[in-house]
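# Architecture and fold: a report
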There are 2 protein chains.
Amino acid sequence: MALRHIALFRWSEGVTSEQVARVEEELSRLPGVIPQLDGYSFGRDLGIGADTFDFAVVADVADEDAFAAYRDHPEHQEVLGVIRPLLAERASVQFRTGTA
Amino acid sequence: MALRHIALFRWSEGVTSEQVARVEEELSRLPGVIPQLDGYSFGRDLGIGADTFDFAVVADVADEDAFAAYRDHPEHQEVLGVIRPLLAERASVQFRTGTA
């Protein structure tokens, strides 16, 4: 069993593609510095579905302790400092997956 | 490159654990009947995060055509018929991932 963390973001009006590129650049550093991340994927919504937010982050970790370590890691907190001012809305779920 | 589809659900007030178990049972059939699903995970929110919805589904497919095949598959549509009456809110993102 493992734990999958999902966060969906809706950007505030006026957020530019360059600002989102900065977010992507910051996020791309995290797998290299947070050893609890067994898997990490993120990206911009492709505009092909319904009820869509603008951006998704998926983090795969071992368990609740590893999730907390990721969440509270200083480098992750630094990235959240870049993301938060751009956010209009956030939706999140943490759930148990069958694979380690 | 591949495509990752995420759907987060917030259940209406009064939805029971048994109704969610029915959703889980229905979803668990899909990987066996929809060949476009390269990966499929879903589950109930663990109650350990902020801004949380109640349930998540993550589908990994090859591309936009595979996503459409999954979305429109009769067995998937049948499961949506079970899910929709329980929904208060839905949030979704489709994004491109680095791995095939």
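Just above, that's the structure.
Read on for a plain summary of the structure. Keep in mind that this is a model prediction, so the values were computed, not measured.

Definitions and limits used
Residues numbered from 1 in each chain as written. Chains lettered and ligands numbered in written order. Predicted model: local features only at pLDDT ≥ 70, side-chain atom pairs only at ≥ 80, totals over all residues. Heavy atoms only, no water. Pairing = 2+ DSSP bridges. Helix = DSSP H or I, 4+ residues; strand = E, 2+ residues; numbered from the N terminus. Axes fitted to C-alpha atoms, helices over the stretch in contact; angles between N-to-C directions. Least-squares fit on C-alpha atoms with pLDDT ≥ 70 in both. Contact = heavy atoms within 4.5 Å. Buried area = accessible area lost by both parts, 1.4 Å probe. Salt bridge = Lys/Arg side-chain N within 4 Å of Asp/Glu carboxyl O. Phe/Tyr/Trp six-rings, centres within 6.5 Å; stacked < 30°, edge-to-face > 60°. Buried < 20%, exposed > 50% of the residue type's maximum accessible area, 1.4 Å probe, protein only.

## Looking at the sheet that holds strand β1 (residues 2-11) of chain B
Residue and element names in this part refer to chain B. Strand order in the open sheet formed by 4 strands is β2-β3-β1-β4, and the pairing between neighbours is antiparallel. With partners counted over all chains shown, the strands left at the sheet margins are β2 (39-44) and β4 (87-97), one partner each. For this sheet, the mean angle separating the axes of adjacent strands, direction not counted, is 10°. Two strands pair when backbone bridges link them, and β1 and β4 are joined in this way by 10 bridges, in the antiparallel orientation. Following the sheet pairing, A7 is matched in β4 by S92.

## Description of the relation of the copies chain A and chain B
Put simply, the second copy of the chain is the first one after a rotation about an axis and a shift along it. You can overlay chain A on chain B at an RMSD of 0.0 Å; the transform is a turn of 180° with a shift of 0.0 Å along its axis. Between the two chains, the operation in question is that of a two-fold axis. Closest approach to the rotation axis within chain A is made by the C-alpha atom of A91(A), at a distance of 3.6 Å. Most of the interface of chain A is mirrored in chain B: 100% of its interface residues are interface residues there too.

## What about the interface of chain A and chain B?
With 32 residues of chain A in contact, the opposing surface of chain B contributes 32 residues. A buried area of about 2500 Å², summed over both sides, lies between chain A and chain B, and 62% of it is on carbon and sulfur atoms. Where chain A touches chain B, the interface holds 2 salt bridges. Its salt-bridge partner being D51(A), residue R90(B) comes within 2.9 Å of it at the nearest N-O pair.

## Some thoughts on the packing of aromatic side chains
Considering all chains together, one arrives at 12 aromatic pairs over all chains under this definition. Ring geometry for F9(A) against W11(A): centres 5.7 Å apart, planes inclined by 45°, an arrangement best described as tilted. Both residues of the pair, F9(A) and W11(A), belong to the buried class. Judged by centre distance (6.2 Å) and plane angle (10°), the ring pair of F9(B) and F55(B) falls under stacked. A residue pair is termed long-range when its members are at least 10 positions apart, and F9(B) in strand β1 and F55(B) in strand β3 (residues 55-61) qualify at 46 residues.

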